[in-house]
Amino acid sequence: MKNQIRLRNKEIGIKNSLESCKYLGSEVLYLDKTDSTMEDARKFISENAPDGTVIIAEEQTLGRGRYNRKWYSPKGGVYISLILYAEIEKEKQGILSLMAGVSSCESIREYMPDANIKWPNDVLVNEKKISGVLIEKIGNYYSIGTGINTNTDKFEGEFMVEPASVYLLSGNKIDNEDFIISYLKNFDENYSLLREKNYNLILAKWNSMASCFGKNVRLRNPMLKEKEKEVFVRSIDENGLLVVESDKGIEKIISGEIFY
Ligand code: BTN
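Just so it is clear, the model here is predicted, and its values are computed rather than measured.

K.L.:
If you had to explain the site of the ligand to someone new, which residues and values would you point to?
P.N.:
In the vicinity of the ligand lie 20 residues, with S36, Q60, R64, R66 and K129 positioned nearest. A distance of 3.0 Å separates a nitrogen atom of the ligand from a polar side-chain atom of T37. Between Q60 and the ligand, the recorded distance is 2.9 Å, taken from a side-chain N or O atom to a nitrogen atom. Bound to the protein, the ligand loses 98% of the 420 Å² it would expose on its own. For the shell around the ligand, the secondary structure elements donating two or more residues are α2 (37-46), β3 (78-85), β6 (128-138) and β7 (141-148). Element by element, the count of residues in the shell around the ligand is highest for β6, at four residues. In terms of residue class, the shell around the ligand is built from six nonpolar, 10 polar and four charged.

K.L.:
Account for unusual backbone geometry, naming residues and giving values.
P.N.:
Look at the link from W119 to P120: it is a cis peptide, with omega at 0 degrees. Here P120 shows up in the loop between β4 (116-118) and β5 (122-125). Positive phi, normally seen in glycine, also occurs at E127, with a value near 65 degrees. With respect to the secondary-structure elements, E127 resides in the loop between β5 and β6.

K.L.:
Summarise the sheet that holds strand β10 (residues 242-246); cite the residues concerned and give the values.
P.N.:
Strand order in the open sheet formed by five strands is β11-β10-β9-β8-β12, with antiparallel pairing between adjacent strands. Only two strands of the sheet have a single partner each, and these edge strands are β11 (249-253) and β12 (257-259). Pairs of neighbouring strands in the sheet enclose a mean axial angle of 45 degrees, with direction left out of account. Strand direction decides the pairing type here: β10 and β11, joined by five bridges, are antiparallel. When the sheet's bridge partners are listed, V244 is paired in β11 with E251.

K.L.:
Quick rundown of the nonpolar core? Include the residues and the values.
P.N.:
Counting 61 residues, the largest nonpolar core has L184 and F187 as the members making the most contacts within it. Sequence-distant contacts of L184, that is, excluding residues within four places in its chain, are made with I14, L18, C21, L24, V54, I80 and L82. Within the second largest apolar cluster, 10 residues are counted, among which are A41, I83, I138 and Y141.

K.L.:
For the packing of helix α1 (residues 8-17) against helix α5 (residues 176-195), give the residues involved together with the corresponding values.
P.N.:
One way to put it is that α1 packs onto α5 with a least axis distance of 10 Å and a crossing angle of 35 degrees. In terms of crossing hand, the pair formed by α1 and α5 is right-handed. Side by side, α1 and α5 meet where K10, I14 and S17 of the first sit next to E177, I180, I181, L184 and K185 of the second. A breakdown of the residues in the contact of α1 with α5 according to their chemical character gives four nonpolar, one polar and three charged.

K.L.:
Give me the lowdown on the pairing of β5, citing residues and values where you can.
P.N.:
The alternating pattern of β5 places D122 and L124 and V123 and V125 on opposite faces, both of which are buried. In this structure, β4 lies alongside β5, joined through three bridges in antiparallel fashion. When the bridges of β5 are listed, I117 appears paired with V123. Between the antiparallel neighbours β4 and β5 lie three residues.

K.L.:
Can you break down the sheet that holds β3 residue by residue, with the values?
P.N.:
The seven strands are arranged β1-β2-β3-β7-β6-β5-β4 in an open sheet whose pairing can be described as mixed. Both outer strands of the open sheet, β1 (28-31) and β4, are each paired with one neighbouring strand and no more. Strand-to-strand twist across the sheet, computed as the mean angle between neighbouring axes with direction ignored, equals 20 degrees. This element, α2, spans β1, β2 (53-57), β3, β6 and β7 of the sheet and lies at about 25 degrees to β3. Packing against the sheet, α5 makes contact with β1, β2, β3 and β7, and its axis sits at approximately 25 degrees to β3.

Cut-offs applied
Residues numbered from 1 in each chain as written. Predicted model: local features only at pLDDT ≥ 70, side-chain atom pairs only at ≥ 80, totals over all residues. Heavy atoms only, no water. Near = heavy atom within 4 Å. Polar contact = N/O pair within 3.5 Å; in protein donor to acceptor, adjacent residues only side chain to side chain. Areas by Shrake-Rupley, 256 points an atom, 1.4 Å probe, with all protein chains shown as cover. Helix = DSSP H or I, 4+ residues; strand = E, 2+ residues; numbered from the N terminus. Nonpolar A, V, L, I, M, F, W, Y, C, P; charged D, E, K, R; others polar. Pairing = 2+ DSSP bridges. Axes fitted to C-alpha atoms, helices over the stretch in contact; angles between N-to-C directions. Core = buried A, V, L, I, M, F, W, Y, C linked by side-chain atoms within 4.5 Å. Buried < 20%, exposed > 50% of the residue type's maximum accessible area, 1.4 Å probe, protein only. Contact = heavy atoms within 4.5 Å. Left-handed = near helix turned anticlockwise from the far one by under 90°.

Printed below as a string of structure tokens:
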């Protein structure tokens with residue numbers, strides 16, 4: 001995006017706070033406004049971005065969600081893309097998606113202890129969506145985009161799941177910079193577990209935050225022939241696949257989304 005303004009003081013503050021991180025913070029970009037941090041990440045990746053680059057924007061004009069949906073991104077929320085260079089075994093890529101959700105849920109729980117995860121990585125409070133994750137794979141790079149409704153004070157548009165923000169639910173404004181640092185530190189710790197192949201610990205954390213087990217839900221995957229069906233959620237398996245029961249018996253679901 002043209003005319004992007006980098007907020008250098010914020011970049012320095014965040015970079016200094018990430019000194020203890022193993023993977024994140026080699027480069028920090030903090031923009032006042034952009035079209036989408038996913039687009040910025042793509043551009044940096046094409047220029048061989050360093051592993052662990054963090055891109056943050058205070059506002060997005062073309063924020064993207066999963067399945068080509070829009071991500072409402074006014075000032076007040078937190079919009080981050082992380083660039084990671086890693087070879088992750090194909091069957092363990094689902095765990096990367098779960099750990100991104102665990103990281104935002106851990107940070108949101110510091111303000112709202114009731115926050116929980118809807119498979120694979122949406123964070124909900126009172127069944128309203130507070131944050132979502134979009135992952136794109138570009139060669140051996142992963143661009144992990146997370147949008148968190150921290151101080152958003154109103155929502156406009158159409159949403160698959162009713163959105164809310166920490167502010168609207170609690171009445172308290174969050175310091176977004178503190179939130180960002182907490183999120184990045186949690187992410188770095190969980191990503192370290194992934195890189196050390198400590199998958200069981202990530203799965204245990206995810207299981208302890210999940211709100212979907214034992215529920216009848218609508219399972220949706222617009223990419224498949226059977227776009228939507230009712231299923232009963234049993235568990236997740238060792239690769240993060242959702243184990244569900246339907247009239248066809250037990251199935252393991254690789255990707256999609258569920259609605260309560
Ligand atoms: C979802 O549909 O739940 C995923 C939303 C992901 C939104 C984030 S905000 C930062 C990054 N930039 C984008 O344009 N999208 C992701």
